[in-house]
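Report on the structure
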Amino acid sequence: MVLSYSRALFVDFSLDMHMETFLRMHQRALEYFGGIPRRILYDNLKSVVLNRVGSTVQFNPRFLSFAGHYLFEPTAAPIRYPEAKGRVEASIKYLRHAFFYGRSFSSLEDLRAQARTWLAETANTRIHATTRERPCERLLLERPRLHPLPVHPYDTDVLLPLVVSKEARVRLDSNSYSVPPEFAGKTVHLRANDTSVRILHEGTEVARHERCWERHRHIEDAHHIQRLLERRKLALGPKRKERLASLSPEARLYLQEVARRPIRLNNECRALLRLTLQYSDAEVAAAMARALVLRTFGARYVRALIDQARFAQGLAEPPEPILTGNALADSLDVQPHPLDSYDALPPQKPNLRLPS
């Protein structure tokens, strides 16, 4: 977004093209400029313009609601006339060559942070080729003429009514998020922004997760899975393969390689899940990644790689979990003690019974 008078530039990046993201980026731009212009010119994208017949424009109702909240007039540029929005077109070219090309970043937030620094130190402090002044200095004159920002920002969260699956999960994009099992089969509302996903039932938040921008991932709360296991006897929570694939991208590739070999995938998944009971998820995921590199497939190889890594760190092999099927007994934490403590016990005479 570029302000016409000052040529002040705002830049943002996203991983999707949803309406909520489009509106949220508008909010960031208006907050960055410190005010709202009376009119904003747009290309004929569907987020703004639904239909157009000549000079008659049908705007997107959701976008009109946003424009009404911030009190600006949206204007659609003529079709096939890029010169109408030449300030933005020139800024995109400048952005590509002066900022984006050759730059590396570790995440979306890192890219946004670098963009903010570049705007403050380079883009808006340079001598503009048209005005021959600095945009940051002209913005000081333009800002008092902008409309003030409203007290309450527009609600740009994703809001979806969803039915919780029998595995106590809800889906957003291609990812699933766990929910307490008592809400299975009930209708909840999912509210999501750039960073978090909240699940609400009758206005009360019942689950919260960090939003995942990858695809086909299963984001779960360990407490939700434990409660699901307690409610459903012999339940395995999510499907075995999905549970293992959610450990890491390498774990998913490992299972794909196992499926191509004469190995019973169900048995392999069952054995790998048993390893997660004895070792941590991080250890199992690291061993599966190592096995993928070594091209050795099988739960016994994964366990051997885990033990090798533990021995290298000076850690002993953890004891095998003993499950009796009794929830109270399985929940007991028995601490080992020195066996020589039995030597201190007084000897007992055997109780002999002679035949009559």
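Since the structure is predicted, the reported quantities are computational estimates derived from the model, not experimental observations.

Conventions used here
- Position labels on residues start from 1 in each chain and follow its written sequence.
- Under the rules for a predicted model, residues below a pLDDT of 70 receive no local features and side-chain atom pairs below 80 are neither given nor counted, while totals for whole chains, interfaces and linings still include all residues.
- Side-chain measures were taken over the full set of non-hydrogen atoms in the model, leaving aside hydrogen atoms and water.
- The rule is short: rings of Phe, Tyr and Trp, with Trp giving its six-membered ring, pair when the centres are within 6.5 Å, and they are stacked under 30 degrees, edge-to-face over 60, tilted in between.
- Working definition: helices are DSSP H or I runs of at least four residues, strands are E runs of at least two. Numbering for both runs from the N terminus.
- Pairing between two strands requires that DSSP report at least two bridges joining them.
- Whenever Lys or Arg places a side-chain nitrogen within 4 Å of a carboxyl oxygen from Asp or Glu, that contact is recorded as a salt bridge.
- The rule is simple: take the accessible area with a 1.4 Å probe, protein chains only, and divide by the maximum for that residue type; under 20% is buried, over 50% is exposed, in between is partly exposed.
- Residues enter a nonpolar core if they are buried and are Ala, Val, Leu, Ile, Met, Phe, Trp, Tyr or Cys, with the set joined through side-chain atoms within 4.5 Å.

**Some details on the packing of aromatic side chains**
Considering all chains together, one arrives at 15 aromatic pairs under this definition. With centroids separated by 5.4 Å and ring planes inclined at 35°, the aromatic side chains of Tyr94 and Trp118 adopt a geometry described as tilted. Linking Tyr94 in helix H3 (residues 86-100) with Trp118 in helix H4 (residues 108-123), this pair joins segments that are 24 residues apart in sequence. A network of ring pairs unites the aromatic residues Phe22, Tyr42, Phe63, Phe66, Tyr70, Phe72 and Tyr154 as a single cluster.

**Focus on the pairing of strand E2 (residues 49-53)**
Note: E2 against strand E3 (residues 56-59), 4 bridges, orientation antiparallel. Residue Asn51 lies in a different strand from E3, and its bridge partner there is Gln58.

**So, the pattern of salt bridges**
Any two side chains of opposite charge can pair if their charged atoms end up close together. A full pass over the atoms with the stated rule returns 23 salt bridges. Note that Arg112 and Asp194 form a salt bridge whose closest N and O atoms lie 3.6 Å from each other. In this pair, Arg112 sits in helix H4 while Asp194 sits in the loop between strand E8 (187-192) and strand E9 (196-201), placing the two residues 82 residues apart along the sequence. Residue classification places Asp194 among the buried positions, given a relative accessible area of 12%. When the shortest N-O distance is used, the salt bridge between Glu257 and Arg260 registers 3.1 Å. For Arg260, a relative accessible area of 58% corresponds to the exposed category. What emerges from the salt-bridge pattern is a single network uniting Asp12, Arg24, Arg28, Glu109, Arg112, Arg116 and Asp194.

**Focus: the nonpolar core**
The biggest cluster of nonpolar side chains holds 24 residues, and the ones touching the most others in it are Tyr254, Leu255, Leu272, Met288 and Val302. Put simply, the parts of the chain that give this core at least two residues each are helix H7 (240-245), helix H8 (249-259), helix H9 (265-278), helix H10 (281-294) and helix H11 (299-312). Top element by residues in this core is H10. It accounts for 6 residues.

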